[in-house]
Amino acid sequence: MLKINENFVKLPASYLFVDIAKKVQLFSQQHPEKEVLRLGIGDVTRPLPNSVIQAMKDAAEEMGSSSTFRGYGPEAGYLFLRDAICKNDYQGKGIKIDPDEIFVSDGAKSDTGNIGDIFDRENTVAVCDPVYPVYVDTNVMAGRAGDYSADAGWSKIIYMPCKKENGFLPELPEENADMIYLCFPNNPTGIGIHKDELKRWVDYALEHHSVILYDAAYEAFITDPEMPHSIYEIEGAKKCAIEFRSFSKTAGFTGVRCAFTVIPKELAFNGISLNRLWGRRQSTKMNGVSYIVQRGAEAIYSEKGKCEVRENIAYYQSNAKIILNGLAQAGFEVYGGVNSPYIWLKTPEGLSSWEFFDLLLEKANVVGTPGSGFGQAGEGYFRLTSFNTTENTKEAVKRIIKSFSAT
C-alpha cells in the first residue's frame, strides 16, 4: 500500500503568500472599482536592464543557429557566469572564492529550501522569529520540525525571537543548533547586521560544529559600511557557512529566475565536503539554468550593467525611504527600510497583524504582509515592501496615513 510523506500533512493548508493572494483576489472581485496597491509580496516592478535584454537576445539568436546552439549546460552553471560572480562579488572585495565553489540555480528560494537534502534528518534547526517561511516549511517537509503547537510553534525547531527589545537581532541559542538560518539584511524586519555581531555567529558555529545557512539575497541594498555584504568577510566563515545570493531584487530577475549558492571547499564535516555533496545533489536533481538566462545574468557585471543595476536599487531604496519617513512622520512606529527594501511596521494599538491586513485592504486598498505569517514574534507587526512604482508608493503611504491614526 502506498504511503505518503506525512510531514507534508503537518504543514498549513497553503503557503502564506498564497493565502494573501486569495484574500486580495476576493476583495478585487467584490470591489472591481477600487484600485488595490500592492506593497506585500517582494516582487519587483522595474523592467530588466537594457544590457540584460540585449545579452539575452544575442543568446537567443545563438540558439537559433546549428553552429552556436547549446543543449544541456553544466549543472553548476556556465563558467563565464561563475567567473563573473567570483571576480565582481567576491575577489573584487578581497574575498577568495573560486568558480567551482559557486552553483548557479533558479532562485535563492529553491536553494534555501533544497539545501536540507544534504543534511541528516536528526539535525537540530535554529531560525530567527519572525522568519522567511521557506526555512521552516522545508524542514517540516524533511521531518526535522517535530509537532506543531499554536502556542509554541514546532517542537524541534529552535526559535530565536527578534524583538524590539533586542534590536530585532537574534540571540545565540542556549541549545546546540546544528543548522542555523540567518538572513541579513533581514526578511521580513529589514534590519541589517554589523560585522562584530555576525562574527559572534561564526565563532558559535565553529565552536559547536554547526553550519550557518546565510541568505544574503538583499546585500545590494546595504548602505552602512559596517555591515558585511558577505558572511565570508568574517574570518573563519568559509569553514562553517553556506551563502545564498539572488539576482531577483537587484536586477529584476523574479520572473527570469537566476541565483547562486556558494559552498567553499574548506567547508567539511567529519571529513565530508559539503561542496561535493551539493554538487552531487544538483547534478542529480537539476539540469541547470538556461544558457539564455545565464548570459543575461553575466551582463549584469558589465560596466553598463552595473550602472543599470545601481539605478534599479536606488529606485527601490528611494521608495523605502518614502514609506519609512512618511509613516514615521505620521506617528507610526517603523523599522528597517535603510539597508533593506523592507519596512517593519508596528500595527496600531489593539490590532493583530491579520486584523490590520483586513482593515488596510478594506479602508486603504493597500496590501502588505501580516507579521504573524512570519512567526509568533511577528505578531503585532506588518511588512511593507518598496518594490512598486514611486507613484504607487507615495499614494499607498498617503492612503495608510489617511485611514489610520497612529497611536
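Everything below is about the structure shown above.
Residues numbered from 1 in each chain as written. Predicted model: local features only at pLDDT ≥ 70, side-chain atom pairs only at ≥ 80, totals over all residues. Heavy atoms only, no water.

Caption draft 1: Just the packing of helix α12 (residues 353-364) against helix α13 (residues 390-403), in detail. Contact pair α12 / α13: the axes reach a minimum separation of 10 Å and the direction vectors enclose 105°. Considering the angle they form, α12 stands roughly perpendicular to α13. For the pair α12 and α13, the contacting residues are Leu360, Lys363 and Ala364 in the first and Arg399, Ile400 and Ser403 in the second. When grouped by side-chain class, the residues that make up the contact of α12 with α13 number three nonpolar, one polar and two charged. (Axes fitted to C-alpha atoms, helices over the stretch in contact; angles between N-to-C directions. Helix = DSSP H or I, 4+ residues; strand = E, 2+ residues; numbered from the N terminus. Parallel < 35°, antiparallel > 145°, perpendicular 65-115°, else oblique. Contact = heavy atoms within 4.5 Å. Nonpolar A, V, L, I, M, F, W, Y, C, P; charged D, E, K, R; others polar.)

Caption draft 2: Representation of a nonpolar patch on the surface in the model. Taken together, the side chains of Leu2, Ile4 and Val9 define a hydrophobic patch exposed on the protein surface, amounting to about 370 Å² of accessible area. Structurally, Leu2 is set in the segment before α1 (6-10). Look at Leu2 and you get exposed, because its relative accessible area is 74%. (Patch = residues over 30% accessible without salt bridge, like charges linked within 9 Å, V, L, I, M, F, W, Y side chains within 5 Å. Areas by Shrake-Rupley, 256 points an atom, 1.4 Å probe, with all protein chains shown as cover. Salt bridge = Lys/Arg side-chain N within 4 Å of Asp/Glu carboxyl O. Buried < 20%, exposed > 50% of the residue type's maximum accessible area, 1.4 Å probe, protein only.)

Caption draft 3: Local environment of helix α3 (residues 50-63). Along its 14 residues, α3 runs 20 Å from first to last C-alpha, staying within 8% of the 20 Å computed at 1.5 Å per residue. Among all positions in α3, only Ser51, Val52, Ala55, Met56 and Ala59 are buried. Buried positions in α3, seen along its axis, are confined to an arc of 130° and lie on one side of it. Exposed residues lying more than 90 degrees from the buried face of α3 are Asn50, Lys57 and Glu61. Contacts from the buried residues of α3 go to α10 (291-299) and α11 (303-329). (Expected span 1.5 Å × (residues − 1). Arc of directions from axis to C-beta.)

Caption draft 4: Main features of the side chain of Thr369. Considering the arrangement of structural elements, one finds Thr369 in strand β16 (residues 369-370). Residue classification places Thr369 among the buried positions, given a relative accessible area of 0%. Reaching out from Thr369, the side chain makes a polar contact with the backbone oxygen of Gly40 at a distance of 3.5 Å. Sequence-distant contacts of Thr369, defined by excluding residues within four places in its chain, comprise Leu16, Phe17, Ile20, Gly40, Ile41, Phe374, Phe382 and Arg383. (Polar contact = N/O pair within 3.5 Å; in protein donor to acceptor, adjacent residues only side chain to side chain.)

Caption draft 5: How the structure looks around the pattern of salt bridges. Under the criterion given, the structure shown has 18 salt bridges. Taking the shortest distance from any N to any O, the salt bridge between Asp117 and Lys285 comes out at 3.0 Å. Linking Asp117 in the loop between α5 (108-114) and β3 (125-129) with Lys285 in helix α9 (residues 274-285), this pair joins segments that are 168 residues apart in sequence. One salt bridge connects Glu243 with Arg245, and the closest N-O pair in it is separated by 3.1 Å. Judged on exposure class, the residue Glu243 and its partner Arg245 are both buried.

Caption draft 6: The nonpolar core, seen in detail. Core analysis: the biggest nonpolar cluster contains 125 residues, and Ile115, Leu182, Ile212, Ile242 and Phe253 have the highest contact counts within it. Considering every element that reaches this core, the biggest residue donor is α11, with seven residues. Beyond its immediate chain neighbours, meaning those up to four positions away, Ile212 contacts Ile180, Leu182, Trp201, Val202, Ala205, Ile231, Cys240, Ala241 and Ile242. (Core = buried A, V, L, I, M, F, W, Y, C linked by side-chain atoms within 4.5 Å.)

Caption draft 7: Focus on the sheet that holds strand β2 (residues 102-105). Across the sheet, seven strands lie side by side as β2-β10-β9-β8-β7-β3-β6; this open sheet has mixed pairing. Across the chains shown, the open sheet's two edge strands, defined by having one partner strand only, are β2 and β6 (157-161). This sheet shows a mean twist of 20° between the axes of neighbouring strands, independent of strand direction. Where strand β9 (residues 241-246) meets strand β10 (residues 259-262), four bridges bridge the pair, whose relative direction is antiparallel. Residue Ser246 lies in a different strand from β10, and its bridge partner there is Ala259. The strands touched by α9 within the sheet are β2, β8 (211-215), β9 and β10, with β2 carrying the most contacts at an inclination of about 25°. (Pairing = 2+ DSSP bridges.)

Caption draft 8: Representation of the pairing of β2 within the structure. Of the two faces of β2, both are covered, the one formed by Ile102 and Val104 as well as the one formed by Phe103 and Ser105. Pairing of β2 with β10, which is carried by four bridges, proceeds in the antiparallel orientation. Bridged to Phe103 within β10 is Thr261.

Caption draft 9: Structural detail: the sheet that holds β16. Taken in spatial order, the four strands make up an open sheet running β13-β14-β17-β16, and their pairing is antiparallel. Edge positions in the sheet fall to β13 (334-336) and β16, since each has one partner strand and no second. Strand direction decides the pairing type here: strand β14 (residues 342-346) and strand β17 (residues 381-385), joined by five bridges, are antiparallel. Looking across to β17, one finds that Leu345 is bridged to Phe382.

Caption draft 10: A look at the environment of Ile222. Structurally, Ile222 can be placed in the loop between β8 and β9. On the basis of relative accessibility, which here comes to 11%, the residue Ile222 falls in the buried class. If we ignore the near neighbours within four places in the chain, the residues touching Ile222 are Pro185, Met227, Pro228, His229 and Asn339.

Caption draft 11: Region of the structure containing the packing of aromatic side chains. As enumerated under the stated definition, the model contains 23 aromatic pairs in all. Following the ring pairs from residue to residue traces out a cluster consisting of Tyr218, Phe221, Tyr315, Tyr316, Tyr342 and Phe387. Its guanidinium or amino end placed over the ring of Tyr315, Arg46 lies 4.3 Å from that ring's centre, counting from NZ or CZ. When the ring centre of Tyr381 is taken as reference, the NZ or CZ atom of Lys346 above it lies at 5.4 Å. (Phe/Tyr/Trp six-rings, centres within 6.5 Å; stacked < 30°, edge-to-face > 60°. Lys NZ or Arg CZ within 6 Å of the ring centre and 35° of its normal.)

Caption draft 12: A look at unusual backbone geometry. Cis geometry marks the peptide bond from Asp129 to Pro130; its omega dihedral reads 10°. In this fold, Pro130 is placed in the loop between β3 and α6 (133-142). The step from Phe184 to Pro185 runs through a cis peptide bond, and the omega angle for that step is -10°. With respect to the element layout, Pro185 can be found in the loop between β7 (179-183) and α7 (195-208). Even without being a glycine, His209 presents a positive backbone phi close to 55°. A positive phi angle is found at Asn270, which is not glycine, with a value near 55°. Looking at the element boundaries, Asn270 is found in the loop between β11 (268-269) and β12 (272-273).

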